[in-house]
Amino acid sequence: MISFNRTSITGSAPITTDKFPNLCEIGDHFCSGDANIQVFDFRNLKSLRKLGDDAFSNCSALNQIVFRTYEDEILSLSQIGSNFCASSVSLTKLDLRGVVFIDAISSGFCHSMINLVELDISTLDRLKEIGSDFCQNCPSLTKISMPSLQHLRYIGSHFLSDSGLKHFNLNGASCLVEIGHNFMAMSKLETMEFKDCYAL
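Report on the accompanying structure. What you see is a predicted model, and the numbers here were worked out from it, not measured in a lab.

Points about the layout of surface pockets
Then, number 1: Of the volumes computed, that of the largest pocket is approximately 160 Å³.
Then, number 2: For the lining of the largest pocket, the secondary structure elements donating two or more residues are strand 5 (64-66) and strand 7 (93-95).

Following this line, the structure appears as structure tokens:
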């Protein structure tokens, strides 16, 4: 196994990892708290399977993470640790298309990203579980592109609470058996759909 664990990478230029084509694991706290990094490019990490806890959390200048260039581009990434991008306030859009093998979103995913407007996780069609604090305290979030929810069984507490979403649907989540407390609490929600959620 080839792994890479570094707390901080400084610099304003786009950070690429073309020198690590066989990298398969990145440890905890990758770039966490880095005040200089602005862009990170995952496109060369075709072998990466695991990204540890707190990756890119509290990166005040981070404004772009690139996962793919072409529509048919697929990464091997199957695990993203807790608190991914948490409190990284300069990111306004996050597009995870190209990531397809993740079946569980860890707790704290994108929480307290106060300027996040748009999130796309539409290629996570294998998703079975969403951990607690998913996009909690994202008051600017108005658009989220969800995947097919046919395998989703569990949604953790504080899901999209304090978000800016006005409309949301869980249509097709026929296997969903549990939703944690404070689901979309204190959000700007106006309409909600649960079509075909037979197991609830």
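There is more to say, and it comes next.
Overview of the nonpolar core
Then, number 1: Among the nonpolar cores identified, the biggest contains 54 residues, and Phe42, Phe56, Ile65, Phe67, Phe84, Leu119 and Phe134 are the most heavily contacted of them.
Then, number 2: Setting aside residues no more than four positions away along its own chain, Ile65 makes contact with Phe40, Phe42, Phe56, Phe84, Cys85, Leu91 and Leu94.

Side note on the environment of Ser187
Then, number 1: Mapped onto the secondary structure, Ser187 falls in the loop between strand 14 (178-179) and strand 15 (191-193).
Then, number 2: Take Ser187: its relative accessible area is 19%, and that puts it in the buried class.
Then, number 3: Put simply, Ser187 and Gly164 are 23 residues apart on the chain and 5.9 Å apart in space, counted from C-alpha to C-alpha.
Then, number 4: Setting aside its immediate chain neighbours within four residues, Ser187 contacts Leu160, Asp162 and Ser163.

Concerning the sheet that holds strand 11 (residues 143-145)
Then, number 1: Read from one edge of the open sheet, 3 strands run 7-9-11, paired in parallel fashion. At either end of the open sheet lies a strand with only one pairing partner, and these are strand 7 and strand 11. Shown here is a sheet whose adjacent strand axes are inclined to one another by a mean of 5 degrees, direction ignored.
Then, number 2: As paired elements, strand 7 and strand 9 (residues 118-120) share 3 bridges and run parallel to each other. Looking across to strand 9, one finds that Asp95 is bridged to Asp120.

Quick notes on the rules
- Residues numbered from 1 in each chain as written.
- Predicted model: local features only at pLDDT ≥ 70, side-chain atom pairs only at ≥ 80, totals over all residues.
- Heavy atoms only, no water.
- 1 Å grid on protein atoms, 1.4 Å probe; cavity = no way out; pocket = protein on both sides within 12 Å on 5 of 7 lines; lining within 4 Å.
- Points joined across faces, edges and corners; volume = space filled by probe spheres on them.
- Helix = DSSP H or I, 4+ residues; strand = E, 2+ residues; numbered from the N terminus.
- Core = buried A, V, L, I, M, F, W, Y, C linked by side-chain atoms within 4.5 Å.
- Buried < 20%, exposed > 50% of the residue type's maximum accessible area, 1.4 Å probe, protein only.
- Contact = heavy atoms within 4.5 Å.
- Pairing = 2+ DSSP bridges.
- Axes fitted to C-alpha atoms, helices over the stretch in contact; angles between N-to-C directions.

Structural measurements only, silent on function.
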